[in-house]
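Next come the chains, spelled out residue by residue.
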Amino acid sequence: MEPHIKQLQLLKLVEEIEGYAILVLDRKGNVETWNKGAEKIKGYKAEEIIGQHIRIFYTAVDLLIGLPEKLLAEASLKGTVYNESWRVRKDNTTFWGSVTITALHDDEGNITGFAKITRDLTERMLSETTIRRHAENLEIKNKEIEQFVYIASHDLQEPLFTVNSFVEFFQTEYQHLFDENAKAYLNFIVQATDRMKNLIKNLLDYSHLGAEKILANIDCNQLLNTLTADLASQIKNSGAKVVYKDLPVIKGYPTELGQLFQNLISNAIKFRDKKEIPEIEISAVKEPACWRFTIKDNGIGVDPRFQEKIFLIFQRLHGRNEYEGNGIGLAHCKKIVELHGGKISVEPNKDKGSSFVFTIPFKPYLITA
């Protein structure tokens, strides 16, 4: 039996498959067989199309550049060729088709024809186009927001600079005229403007998270060695014990992940009973699609009613007299984790304190803004 006949019989076995248009062509590119999938995708009955050249399925633009002939020639040369482009149905509507053309040979290696398999990927292509457009629009919006934040922050800093300048002037030139109350009022103004400057800086930092877009392999043990060295003064003054070992190497954004760990460690040291020595344990567990990190502390804990609220920007659960800060650190943490495609939450420990848990996928999202 001729190889070409054997191949025809093999193709006959899959002619009932409706998800694929399966054709056998002669050496010139004329249709010899036509399965149910081809009928469904392209709209022609077998009797209408057998004997026709595949040029009938191509758009005017593709015909102008001779695409059908080029694909057959390439399949003859390479054995198989793949192409995606718009194709034409019987009713002149178009669909996005993925086409594989394979040359068929006899025992002597001579080309006897071609097998052509087509899939309708219009829905996938349109979905990808829609997602791409949404991503482009989102990037534009994010750039607009970043520009707005920068301009707004700059405009907010100008009057603060003016207020500080006049306060310094009063303190230098008229200090001898002020009583204790007046001096206290000036100090209140200085403290308030300093807090405002810190809020503006934190807002700018928040808006810039993810700007670098540089993915790298990060050894978490080395990262924490560096961070604990940077936090040496804070750790020494509090007597804190920071324990970690056997942490993984993960793929992520180095600057952002460093800030994530730093914020959570600093918070664990800050939010504690002053009579307690902070104990912070950092661990990681490998899950099917991600690393699950836990930062456990023996601090004051988080009321279950506020486990969601604490991750909102500028949310504070304690007065400044109790614990200093601007209420943006955990919002930073949430944004950093989400930039990687993960999630963060806080859980109460059975004995004392809290455990902050976050996930970092093995394949982080690409930051687009």
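The structure this text deals with has already been given above.
Here we summarise the structure given alongside this text. It should be emphasised that the depicted structure is a prediction, and the values quoted were computed from it without experimental measurement.

### Let's talk about a nonpolar patch on the surface
Consideration 1: Together, Phe166, Phe169, Phe170, Tyr174 and Leu177 line one region of the surface with nonpolar side chains, adding up to about 500 Å² of accessible area.
Consideration 2: What makes leucine 177 exposed here is its relative accessible area of 58%.

### A look at the sheet that holds strand E9 (residues 279-286)
Note on sheets: strands pair through backbone hydrogen bonds, and any given pair is parallel or antiparallel.
Consideration 1: Strands sit in the order E7-E9-E10-E12-E11 across an open sheet of five strands; the sheet is mixed. Each end of this open sheet is capped by a strand with a single partner; those strands are strand E7 (241-244) and strand E11 (344-348). Strand-to-strand twist across the sheet, computed as the mean angle between neighbouring axes with direction ignored, equals 20°.
Consideration 2: The strands touched by helix H8 (residues 220-230) are E7, E9 and strand E10 (290-296); relative to E7, the strand with the most contacts, the crossing angle is about 170°.

### Description of the pairing of strand E12 (residues 354-361)
Consideration 1: With respect to burial, E12 is a largely interior element, eight of its eight residues being buried.
Consideration 2: Side chains Ser354, Phe356, Phe358 and Ile360 project from E12 onto one buried face, and the interleaved Ser355, Val357, Thr359 and Pro361 project onto a second face that is buried too.
Consideration 3: Judged from the seven bridges that link them, E10 and E12 form a sheet pairing that is antiparallel. Across the sheet, residue lysine 296 finds its bridge partner in E12, namely serine 355.
Consideration 4: In the sheet, E11 pairs with E12 via five bridges, with the strands oriented antiparallel. Each bridged residue has a counterpart across the sheet, and for serine 345 the counterpart in E12 is valine 357.
Consideration 5: Hairpin connection between E11 and E12: a loop of five residues separates the two successive antiparallel strands, and glycine 353 in this loop has a positive phi of roughly 85°.

### Quick notes on the nonpolar core
Consideration 1: Membership of the largest hydrophobic core comes to 36 residues, with the highest contact counts inside it found for Phe261, Ile282 and Phe358.
Consideration 2: Those elements that provide at least two residues to this core are H8, E7, helix H10 (254-270), E9, E10, helix H11 (329-339), E11 and E12.
Consideration 3: Considering each element in turn, this core owes the most residues, seven residues, to H10.
Consideration 4: Those residues in contact with isoleucine 282, other than ones at most four positions away along the chain, are Leu224, Val242, Val243, Tyr244, Lys245, Leu247, Phe261, Ile265, Thr294 and Ile295.
Consideration 5: Grouped together as the second largest cluster of nonpolar side chains are 22 residues, Ile54, Leu72, Ala75 and Ala103 included.

About the thresholds
- Residues numbered from 1 in each chain as written.
- Predicted model: local features only at pLDDT ≥ 70, side-chain atom pairs only at ≥ 80, totals over all residues.
- Heavy atoms only, no water.
- Patch = residues over 30% accessible without salt bridge, like charges linked within 9 Å, V, L, I, M, F, W, Y side chains within 5 Å.
- Areas by Shrake-Rupley, 256 points an atom, 1.4 Å probe, with all protein chains shown as cover.
- Salt bridge = Lys/Arg side-chain N within 4 Å of Asp/Glu carboxyl O.
- Buried < 20%, exposed > 50% of the residue type's maximum accessible area, 1.4 Å probe, protein only.
- Pairing = 2+ DSSP bridges.
- Helix = DSSP H or I, 4+ residues; strand = E, 2+ residues; numbered from the N terminus.
- Axes fitted to C-alpha atoms, helices over the stretch in contact; angles between N-to-C directions.
- Contact = heavy atoms within 4.5 Å.
- Core = buried A, V, L, I, M, F, W, Y, C linked by side-chain atoms within 4.5 Å.

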